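The residues making up each chain are set out below.
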There are 2 protein chains.
Amino acid sequence: MSSSSPASPQWIYRFGGDTTEGNASLRALLGGKGANLAEMASIGLPVPPGFTITTEVCAYYYAHHRTYPENLDAQLHQAVAWLEAQQGKGFGDKDNPLLVSVRSGAPVSMPGMMDTILNLGLNDETVEGLARLTDNARFAYDSYRRLIQMYGNVVEGIDSRAFEEILDAVKSETGAASDADLSAAALQEVIRRYQEVYREATGHDFPQDTFEQLWGAVGAVFGSWMNDRAVAYRHLHGLSDDMGTAVNVQAMVFGNMGDDSATGVAFSRNPATGEKAFYGEYLVNAQGEDVVAGIRTPQPLTRAMAEKMGRPGASLEEVMPAAAQELFDILTRLEQHYRDMQDVEFTIEKGKLYILQTRAGKRTAAAAVKIAVDMAEEGLISREEAVLRIDPSLLDQLLHPTIAPDADREVIARGLPASPGAASGKVVFTAKDAEEWAGRGEKVILVRYETSPEDIRGMHAAEGILTARGGMTSHAAVVARGMGKPCITGAGALRIQEAKRRMEVDGRVFEEGDLITIDGGTGEVMPGALPTVEASLSGEFGTLMAWADAFRRMRVRTNAETPADARTAVRFGAEGIGLCRTEHMFFQEDRIVAMREMIVADSAEERRQALEKLLPMQRADFVELFLIMEERPITIRFLDPPLHEFLPHTDKEIEEVSKAAGLDPAKLRRRLQELSEANPMLGLRGCRLGILYPEIYRMQARAVFEAVVEVKRRTGKAPRPEIMIPLIATSGELAAIQQEVAEVAEAVRRRTGTDFDYLFGTMIEIPRAALCADDIARHAEFFSFGTNDLTQMTYGLSRDDAGKFLPQYEEKGIFPHDPFQHIDRDGVGQLVRMATERGRGQRPALHVGICGEHGGDPESIDFFEDVGLDYVSCSPYRVPIARLAAAQAALRRRQP
Amino acid sequence: MSSSSPASPQWIYRFGGDTTEGNASLRALLGGKGANLAEMASIGLPVPPGFTITTEVCAYYYAHHRTYPENLDAQLHQAVAWLEAQQGKGFGDKDNPLLVSVRSGAPVSMPGMMDTILNLGLNDETVEGLARLTDNARFAYDSYRRLIQMYGNVVEGIDSRAFEEILDAVKSETGAASDADLSAAALQEVIRRYQEVYREATGHDFPQDTFEQLWGAVGAVFGSWMNDRAVAYRHLHGLSDDMGTAVNVQAMVFGNMGDDSATGVAFSRNPATGEKAFYGEYLVNAQGEDVVAGIRTPQPLTRAMAEKMGRPGASLEEVMPAAAQELFDILTRLEQHYRDMQDVEFTIEKGKLYILQTRAGKRTAAAAVKIAVDMAEEGLISREEAVLRIDPSLLDQLLHPTIAPDADREVIARGLPASPGAASGKVVFTAKDAEEWAGRGEKVILVRYETSPEDIRGMHAAEGILTARGGMTSHAAVVARGMGKPCITGAGALRIQEAKRRMEVDGRVFEEGDLITIDGGTGEVMPGALPTVEASLSGEFGTLMAWADAFRRMRVRTNAETPADARTAVRFGAEGIGLCRTEHMFFQEDRIVAMREMIVADSAEERRQALEKLLPMQRADFVELFLIMEERPITIRFLDPPLHEFLPHTDKEIEEVSKAAGLDPAKLRRRLQELSEANPMLGLRGCRLGILYPEIYRMQARAVFEAVVEVKRRTGKAPRPEIMIPLIATSGELAAIQQEVAEVAEAVRRRTGTDFDYLFGTMIEIPRAALCADDIARHAEFFSFGTNDLTQMTYGLSRDDAGKFLPQYEEKGIFPHDPFQHIDRDGVGQLVRMATERGRGQRPALHVGICGEHGGDPESIDFFEDVGLDYVSCSPYRVPIARLAAAQAALRRRQP
């Protein structure tokens with residue numbers, strides 16, 4: 001704890017050796033790095049001793065025109081004296097010099113901050129002492145030249161290239177092939193020239209006074225707090241400028257002091273697979289930089305690893321068994337202490353092990369799941385913690401087929417990772433071809449400039465979709481995510497010649513039928529068919545999901561209308577269908593013709609005749625869905641999109657469609673003209689169609705109810721469908737349709753002599769419906785929030801058009817995030833909360849869910865838990881994500 | 001008061017003669033007609049006695065499967081006995097028969113209800129008695145045949161044509177030219193045949209029992225309560241089915257009993273001019289029907305009228321001086337009693353005056369104003385009442401030039417009365433021609449199929465606008481109302497041949513330059529130039545408006561950007577400009593070129609160069625507006641519409657514009673393509689333009705501030721402009737623009753050395769802005785509700801596209817009214833209230849107004865008073881309407 005008093009606050013905290021003043025809880029004061037070093041020292045781990053200058057000094061520095069508290073200098077000298085005593089060395093002692101590293105360390109790590117200055121304490125005299133002491137002049141001179149280079153660059157802002165050029169020159173002059181070949185004498189020459197550059201650039205000599213070096217480094221750390229990159233990063237992430245950074249000064253240890261020295265990285269478990277086995281690599285007689293530089297091949301940490309790699313005897317466990325055993329014990333202790341898999345940097349100096357850093361280790365999605373489940377089963381963490389540990393969006397990696405890790409990725413184009421998963425197939429360039437080829441049993445990738453609603457059947461038939469234009473929210477992206485198909489959009493390098501059935505990428509030509517592979521998780525396009533790995537939903541993944549299901553309050557449904565999607569979703573744990581978009585059922589070849597006849601009909605009677613043709617098909621669809629979903633609820637949304645979406649638009653398409661459907665092209669054109677709208681989003685669609693042409697919704701209601709009767713006849717049990725009306729703005733609209741649907745239900749009951757039940761409800765996707773939810777709830781047994789449209793209307797923002805300015809909005813920080821990705825809690829969320837409360841106020845049993853794309857977004861799901869929704873509904877492949885996110889949201893609210 | 005007891009409720013109330021049991025306050029129980037008759041009787045006016053069967057009987061009737069309370073029959077016999085005693089006649093007495101009328105009378109009058117059965121009580125015997133008693137067999141038989149006809153039609157539903165055919169047949173058989181020529185014998189034949197038809201249609205004889213007749217008529221009245229037309233009317237007007245109708249049974253009096261009898265209509269003041277003088281007309285020896293039928297020319301009521309009409313001696317005052325004097329006394333008493341101008345129906349039977357009905361008289365707008373002011377000055381009503389009496393929307397008639405009342409209207413086409421006022425001028429068919437002709441000093445009427453934003457300058461130049469297509473909310477209608485120009489839209493009979501510069505209407509051809517007159521108040525198009533009458537804003541109108549101004553709390557501003565509009569609005573009493581749409585300033589010829597250059601610019605630098613050209617023009621506009629408005633505030637809205645509205649769209653226009661502006665047509669096309677949007681309403685416009693192209697708003701800010709400096713230099717006083725940012729959804733947007741504007745202000749202050757002040761605020765027109773108004777108010781000193789867009793987004797309803805289904809919505813009663821006409825209090829109004837409260841919660845001094853079209857709608861203004869807005873802003877011609885409506889709204893809230 002800080003022993004600060006108004007007269008003399010404690011500006012410096014020591015760690016290691018005989019005194020440790022901080023611990024992990026002081027992250028705000030000591031920064032993340034300082035707090036962790038203190039924590040490790042306090043539990044007795046061999047951390048090189050040092051001290052941390054607190055973030056309060058940084059705050060003081062900026063509050064006082066970049067000056068320091070008056071007694072900081074005294075405290076700093078005391079701390080250095082203490083460190084000298086711990087190490088038995090003197091700071092600037094020419095016979096036995098103390099060397100230190102200086103590192104920044106803010107409470108939150110951020111890019112742009114000054115990183116590290118090593119070897120501080122070396123000067124023209126102490127370097128000789130170090131050479132004598134280590135009996136290694138080469139090592140001493142190399143350390144010194146590194147100090148001058150880092151210090152010159154970081155503290156004085158001298159361009160690194162000036163130093164690199166000198167190094168290259170001396171290497172070439174002395175015929176050295178690499179840095180390691182430079183002799184002690186050559187390094188002395190390097191140092192001489194470095195100091196010359198330093199003098200020219202700064203107007204003064206490289207500081208020989210070690211305290212001057214130390215103050216210079218401390219000032220550079222504090223200065224870096226306000227550099228452009230760090231400021232921009234904080235603003236982008238909503239972090240306060242006031243928190244400040246700490247400075248860590250730590251005694252140097254060296255892994256390059258001979259064959260009894262080493263340096264390396266160790267994990268307490270395997271970060272790739274999650275297996276409970278130590279993992280890592282090291283280099284004898286090396287510094288950390290050498291491991292990173294990749295000049296020498298690191299050796300494995302454990303005997304088991306060495307055997308597996310065919311390098312018996314090479315492991316640390318075998319080479320330095322005592323140090324290795326100590327390291328393994330420490331890894332175990334650290335994992336127990338932090339209750340998570342640890343990633344440790346270590347150095348062995350002349351046989352003595354030092355731990356330089358520990359942190360939670362990065363891991364693959366699969367490893368994250370296995371580690372969390374294993375730790376819970378070992379009793380190290382609770383099941384709740386295990387569930388809370390996994391970032392739900394990581395699961396996306398596990399649910400889709402992925403390219404085998406060892407496959408050779410020759411990337412020919414890149415686009416946006418619009419829908420995850422990997423797929424291989426033969427290239428086709430039209431939706432129609434995709435259908436035909438797939439019909440012959442071929443796997444195809446549909447390649448288009450952009451997709452439109454008419455491509456939907458082709459998209460369904462394809463293994464994956466690749467477009468040259470469009471963003472993450474383009475038609476292709478949205479539909480593909482809905483279908484759970486891999487998709488890359490906006491791959492601008494593609495030159496597609498649809499008429500010639502070929503495309504060119506960077507001078508390379510792909511003809512129709514050529515194989516490609518797309519990785520929708522990375523946006524990479526590769527030639528040929530790469531091997532892929534299927535997702536496994538069992539094992540630890542299954543265990544984790546079962547635990548999550550036990551914790552969550554909200555139900556998870558899926559948005560699905562095809563039997564394939566429904567089956568996938570059930571496999572992924574969907575507890576029902578929250579959104580069955582009946583219009584998608586009308587795009588299939590046999591239906592679109594009748595649909596178009598219906599649209600161009602001149603009278604209600606003609607419309608009814610066309611609808612009569614659709615009735616049996618729609619009824620059969622519902623029968624199949626009911627049978628697949630068994631007892632699970634299905635929410636069926638009646639026709640929603642504007643009718644012109646079903647019609648062809650170009651002259652050529654109009655001619656073709658007219659001929660195929662036996663329609664008069666002039667009539668089709670006239671109808672298109674009539675149906676064209678200035679703002680289709682705000683036009684004739686949703687329930688407005690149902691009110692203008694009551695026969696459409698009557699047909700749909702009849703198809704649903706007759707399917708219910710049919711299923712009851714077959715299985716003995718009648719499903720209870722949930723009929724959902726889109727785009728309701730007023731209770732009057734809903735009441736009118738409720739009446740129509742009730743009449744149809746009664747007629748079907750009478751005609752079939754079969755009784756059945758259904759729920760009647762509405763989308764809440766228009767702001768007015770949310771505002772007047774109490775009134776709407778008089779006619780609705782359930783609400784489902786359509787947050788896509790609700791966001792568009794609440795923001796006055798068309799998703800199709802926002803692409804022109806949203807990027808600049810995000811860049812300028814005007815929108816903190818894309819409201820279509822994470823729900824806008826302040827505005828749209830306010831409506832969601834209001835509608836839920838008012839609706840339930842009117843009808844306490846009101847069932848409330850959400851079926852917009854936010855239903856699969858963990859951040860939004862957290863909000864929906866807060867509001868108290870009954871369920872979320874999302875695309876099949878996001879169901880496990882939603883299950884986990886819902887569990888986490890519930891668990892977070894359990895904690896105080 | 002009702003003396004009802006559980007055992008025997010009072011079902012019947014008497015009036016006239018020696019007993020009157022009701023009064024005007026019992027409208028709910030006795031219906032409007034019954035309560036008024038009782039009221040008149042109770043103050044001693046000569047009302048033929050009668051009784052009212054209450055609305056409670058109607059309620060009972062429908063609650064008990066169309067049966068009556070058990071003791072109603074007894075009460076009815078008592079009431080008839082009482083009436084017999086009052087009249088000294090017997091109901092069914094063959095020597096001295098009592099005849100009665102039976103009329104419906106609901107608390108609210110409504111179409112579709114059964115109206116009247118006269119002469120009830122006549123049968124084959126009593127008709128003879130009546131003939132003897134009146135010594136007028138023709139009169140008696142005519143009365144009887146009328147009874148059979150009315151009763152047969154109303155009670156038994158026999159088609160009236162069956163009776164008319166008989167009447168025609170007997171006329172032709174007896175050689176009678178008109179009904180009046182039928183002899184008594186002929187009428188007896190008519191009666192015989194009527195009774196035959198009656199028997200054939202019903203299977204029974206015409207009832208000879210007078211009580212049977214009475215029950216039949218009573219049942220018909222109650223039955224008519226639930227007929228389709230009455231039910232539809234009530235549902236449309238939100239009236240309850242439960243209120244029911246009463247039945248009035250009243251002794252008959254006859255104006256056709258000889259030359260000492262008469263019937264007529266009288267007003268207590270002149271309903272056309274409002275002059276305080278009795279007014280009306282009458283016919284000697286006639287029944288009410290005869291006045292309506294128009295066969296004889298009625299005579300004037302007063303000597304003064306008779307003299308003015310050149311018919312001295314014809315007036316009632318001269319023909320029946322005693323009855324006339326009694327009538328005049330009664331008119332005076334009734335006006336004093338009801339404190340409003342009365343419209344009275346009277347009958348004189350053998351010299352005795354009877355009043356059959358009184359009600360507030362309908363009047364012209366001018367008369368309404370004069371009467372209200374006169375009555376207040378007479379002390380009859382208070383000034384508050386005078387102000388509350390005038391329907392504000394009536395003022396529209398007074399503010400625009402109107403066609404002289406005596407002009408000969410030869411109507412050649414009709415359309416929708418889209419913007420009131422009359423205008424004459426020469427027909428032109430393009431906006432460009434309108435400008436050219438007007439430039440030569442010609443008055444023109446612009447005739448188009450539809451107008452578009454590019455026609456705006458032509459619309460400004462024209463006297464009036466006539467379109468063949470479009471509704472009340474089409475572009476032409478909205479813009480014309482904003483300009484206060486007469487406009488007719490949707491005149492479907494016009495066949496316009498723009499290329500030939502001619503139009504055909506019903507076979508008649510109008511060439512360019514032919515004169516026409518349009519009446520935007522009626523939607524009528526007439527050939528030639530009809531004389532018009534200018535509006536007068538002085539006299540009683542001025543007095544009334546001065547009173548209104550003293551009562552109102554809200555300020556009234558205007559929406560104006562041209563000097564002409566601003567001057568008109570000031571003349572009409574506008575207290576400032578609430579919306580100056582700067583984009584309208586860019587449509588003028590010299591500016592649109594620079595505007596287009598700006599739009600097609602490739603870089604911010606090119607854009608700035610084009611904007612430099614617009615700067616001096618825009619600055620000059622503001623200088624002029626500041627000078628016209630003097631001390632009055634001006635709210636200047638920065639550029640709002642999507643940029644593509646400024647570009648030409650057809651190939652021909654693109655070629656023309658490119659040539660004129662020296663632009664590359666390909667570049668223009670490309671830019672058009674880039675700017676095209678799926679949903680422009682929800683796209684790149686408003687503040688989004690200001691954020692994407694900051695240089696646009698910077699230019700506008702500079703023009704405003706430099707104009708302020710210029711005006712201060714000229715007048716010594718700096719105006720304080722109110723800068724308003726459109727389409728704000730988040731506080732981040734507003735904050736970014738606030739920063740830009742503040743920088744420009746500071747730069748202008750520094751460069752000119754002149755200090756000035758300004759207000760910075762925003763439109764609230766996006767639902768999110770209303771929901772997050774507290775946050776928005778951190779950056780806004782004022783709010784102005786843009787309720788047009790707010791309604792569109794809150795309803796998810798594009799005004800441009802809603803025409804396809806709104807009519808059917810209103811027809812089906814799904815929307816109680818068009819939300820663009822009267823603000824939707826439940827939904828949109830909720831946002832207005834919420835934003836006002838939250839905004840003021842954040843910033844108590846926040847100034848809040850409204851500048852959508854609802855700002856000129858009295859019903860909406862009432863709501864805005866309720867919310868507590870500071871002002872409304874509307875088009876210049878609606879300013880007086882808003883002043884009056886605001887006063888009424890304030891007065892209504894003064895009352896308990």
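Residues numbered from 1 in each chain as written. Chains lettered and ligands numbered in written order. Predicted model: local features only at pLDDT ≥ 70, side-chain atom pairs only at ≥ 80, totals over all residues. Heavy atoms only, no water.

**Some points on the overall build of chain A**
Okay, step 1: Within chain A one finds 35 helices and 31 strands.
Okay, step 2: Within chain A, counting contacts between residues at least 6 apart in sequence, those at least 24 apart form 67% of the total.
Okay, step 3: When the accessible surface of chain A is split by element, carbon and sulfur atoms take 48% of a total near 35000 Å².
Okay, step 4: Distance from the positive charge centre (98 side chains) to the negative charge centre (131 side chains) of chain A: 6 Å. (Helix = DSSP H or I, 4+ residues; strand = E, 2+ residues; numbered from the N terminus. Contact = heavy atoms within 4.5 Å. Areas by Shrake-Rupley, 256 points an atom, 1.4 Å probe, with all protein chains shown as cover. Lys, Arg positive; Asp, Glu negative; His and termini not counted. Charge placed at Lys NZ, Arg CZ, Asp CG, Glu CD.)

**Overview of the environment of Gly-421 of chain A**
Residue and element names in this part refer to chain A.
Okay, step 1: With respect to the element layout, Gly-421 can be found in the loop between strand E13 (416-419) and strand E14 (422-428).
Okay, step 2: Judged by its relative accessible area of 7%, Gly-421 falls in the buried class.
Okay, step 3: When near neighbours in sequence (up to four residues on either side) are disregarded, Gly-421 contacts His-400, Pro-401, Pro-486, Ile-518, Asp-519, Gly-520 and Gly-521. (Buried < 20%, exposed > 50% of the residue type's maximum accessible area, 1.4 Å probe, protein only.)

**Some details on the interface of chain A and chain B**
Okay, step 1: Chain A puts 48 residues into the contact, and the matching count from chain B is 48 residues.
Okay, step 2: Summed over both partners, the interface of chain A with chain B buries about 4000 Å², with 58% contributed by carbon and sulfur atoms.
Okay, step 3: The largest per-residue losses of area from chain A upon contact with chain B belong to Leu-682, Arg-768 and Lys-804 of chain A, which jointly make up 15% of the total buried on that side.
Okay, step 4: Viewed at the interface, chain B and chain A are joined by 2 salt bridges.
Okay, step 5: Remark: the boundary between chain A and chain B carries 28 residue pairs in polar contact (both at pLDDT 80 or more).
Okay, step 6: Of all the elements in the fold, those that place two or more residues in the side of chain A that touches chain B are helix H25 (665-675), helix H26 (687-692), helix H28 (731-752), helix H29 (767-771), helix H31 (787-795), helix H32 (806-811) and helix H33 (828-842) of chain A.
Okay, step 7: Considered class by class, the residues forming the side of chain A that touches chain B number 25 nonpolar, 11 polar and 12 charged. (Buried area = accessible area lost by both parts, 1.4 Å probe. Salt bridge = Lys/Arg side-chain N within 4 Å of Asp/Glu carboxyl O. Polar contact = N/O pair within 3.5 Å; in protein donor to acceptor, adjacent residues only side chain to side chain. Nonpolar A, V, L, I, M, F, W, Y, C, P; charged D, E, K, R; others polar.)

**Some points on the packing of aromatic side chains**
Okay, step 1: Under the defined criterion, the tally for this structure stands at 44 aromatic pairs over all chains.
Okay, step 2: Ring geometry for Tyr-68 of chain A against Trp-215 of chain A: centres 5.1 Å apart, planes inclined by 45°, an arrangement best described as tilted. Taken together, the residues Tyr-68 of chain A in the loop between helix H2 (55-63) and helix H3 (72-87) and Trp-215 of chain A in helix H8 (residues 210-224) connect sequence positions 147 residues apart.
Okay, step 3: Seen from their ring centres, Tyr-61 of chain B and Phe-222 of chain B are 5.5 Å apart, and the 35° between their planes marks the pair as tilted. Taken as a pair, Tyr-61 of chain B in helix H2 (residues 55-63) and Phe-222 of chain B in helix H8 (residues 210-225) lie far apart in primary sequence, 161 residues in all. Across the pair, Phe-222 of chain B and Tyr-61 of chain B agree in class, each one buried.
Okay, step 4: An aromatic cluster is built from Tyr-61, Tyr-62, Tyr-68, Trp-215 and Phe-222 of chain A, whose rings are joined through pairwise contacts. (Phe/Tyr/Trp six-rings, centres within 6.5 Å; stacked < 30°, edge-to-face > 60°.)

**Focus: the relation of the copies chain A and chain B**
Okay, step 1: With an RMSD of 0.4 Å, the fit of chain A onto chain B corresponds to turning through 178° and sliding 0.1 Å along the axis. With respect to symmetry, the two chain copies, as superposed, fit the operation of a two-fold axis.
Okay, step 2: A shared interface surface links the copies, since 100% of the contact residues of chain A are contact residues in chain B too. (Least-squares fit on C-alpha atoms with pLDDT ≥ 70 in both.)

**A closer look at helix H22 (residues 589-600) of chain A**
Okay, step 1: Here H22 of chain A spans 17 Å end to end across 12 residues, near enough to the 16 Å set by a 1.5 Å rise per residue.
Okay, step 2: Restricting attention to buried positions, one finds in H22 of chain A the residues Arg-591, Ile-592, Ala-594, Met-595, Arg-596, Met-598, Ile-599 and Val-600 of chain A. (Expected span 1.5 Å × (residues − 1).)

**Examining the pairing of strand E20 (residues 508-511) of chain A**
Residue and element names in this part refer to chain A.
Okay, step 1: In terms of strand pairing, strand E19 (residues 502-505) meets E20 through 4 bridges, oriented antiparallel. Note that in E20 the partner of Glu-504 across the bridge is Val-509.
Okay, step 2: Counting the residues between successive antiparallel strands, the hairpin from E19 to E20 contains 2 residues, one of them, Asp-506, with a positive phi of roughly 50°. (Pairing = 2+ DSSP bridges.)

**Details of the pattern of salt bridges**
Residues and elements named next belong to chain A.
Okay, step 1: Across all of its chains, the model carries 145 salt bridges over all chains by this definition.
Okay, step 2: The salt bridge involving Glu-605 is made with Arg-608; its shortest N-O contact spans 3.4 Å. Taken together, the residues Glu-605 and Arg-608, both in helix H23 (residues 604-629) and 3 residues apart, mark about one turn of the helix.
Okay, step 3: Take Arg-608: its relative accessible area is 39%, and that puts it in the partly exposed class.
Okay, step 4: Here the salt bridges do not stand alone but share partners, grouping Arg-825, Arg-833, Asp-862, Asp-866, Arg-892 and Arg-893 into one network.

**Observations concerning helix H20 (residues 539-551) of chain B**
Because an α-helix packs 3.6 residues into every turn, residues spaced three or four apart end up facing the same way.
Residues and elements named next belong to chain B.
Okay, step 1: For H20, built from 13 residues, the straight-helix expectation of 18 Å at 1.5 Å per residue is met to within 8% by its first-to-last C-alpha distance of 19 Å.
Okay, step 2: For H20, the full list of buried residues reads Phe-541, Leu-544, Met-545, Trp-547, Ala-548 and Phe-551. Looking down the long axis of H20, one finds its buried residues gathered within 160° of arc, a one-sided arrangement.
Okay, step 3: Turning to H20, the residues buried within the fold contact helix H14 (365-378), helix H15 (383-389), helix H16 (395-399) and helix H35 (879-894). (Arc of directions from axis to C-beta.)

**Overview of the sheet that holds strand E19 (residues 502-505) of chain B**
Think of a sheet as strands paired side by side through backbone hydrogen bonds, with each pair either parallel or antiparallel.
All names here are of chain B.
Okay, step 1: One open sheet accounts for 3 strands, arranged E18-E19-E20; its pairing is antiparallel. With partners counted over all chains shown, the strands left at the sheet margins are strand E18 (494-497) and strand E20 (508-511), one partner each. Direction aside, neighbouring strands of the sheet carry axes that sit 20° apart on average. (Axes fitted to C-alpha atoms, helices over the stretch in contact; angles between N-to-C directions.)

**Structural notes on the packing of H2 of chain B against H8 of chain B**
Residues and elements named next belong to chain B.
Okay, step 1: Two numbers describe how H2 lies on H8: the axes approach to 10 Å, and their chain directions differ by 75°. The orientation of H2 relative to H8 falls into the category roughly perpendicular. When H2 is examined against H8, the residues Val-57, Cys-58, Tyr-61 and Tyr-62 are found in contact with a partner set consisting of Gly-219, Phe-222, Gly-223 and Trp-225.
Okay, step 2: Tallied by class, residues from the contact of H2 with H8 come to 6 nonpolar, 2 polar and no charged. (Parallel < 35°, antiparallel > 145°, perpendicular 65-115°, else oblique.)

**Things to note about the confidence of the model for chain A**
All names here are of chain A.
Okay, step 1: When the pLDDT values of chain A are averaged, the result is 91; 98% of them are 70 or greater.
Okay, step 2: A low-confidence stretch, residues 1-5 stays under pLDDT 50, and its non-local contacts, those more than four residues away or across chains, total 12 contacts.
Okay, step 3: Under the prediction, the complex receives an ipTM of 0.82, its pTM being 0.82. (pLDDT = per-residue confidence, 0-100.)

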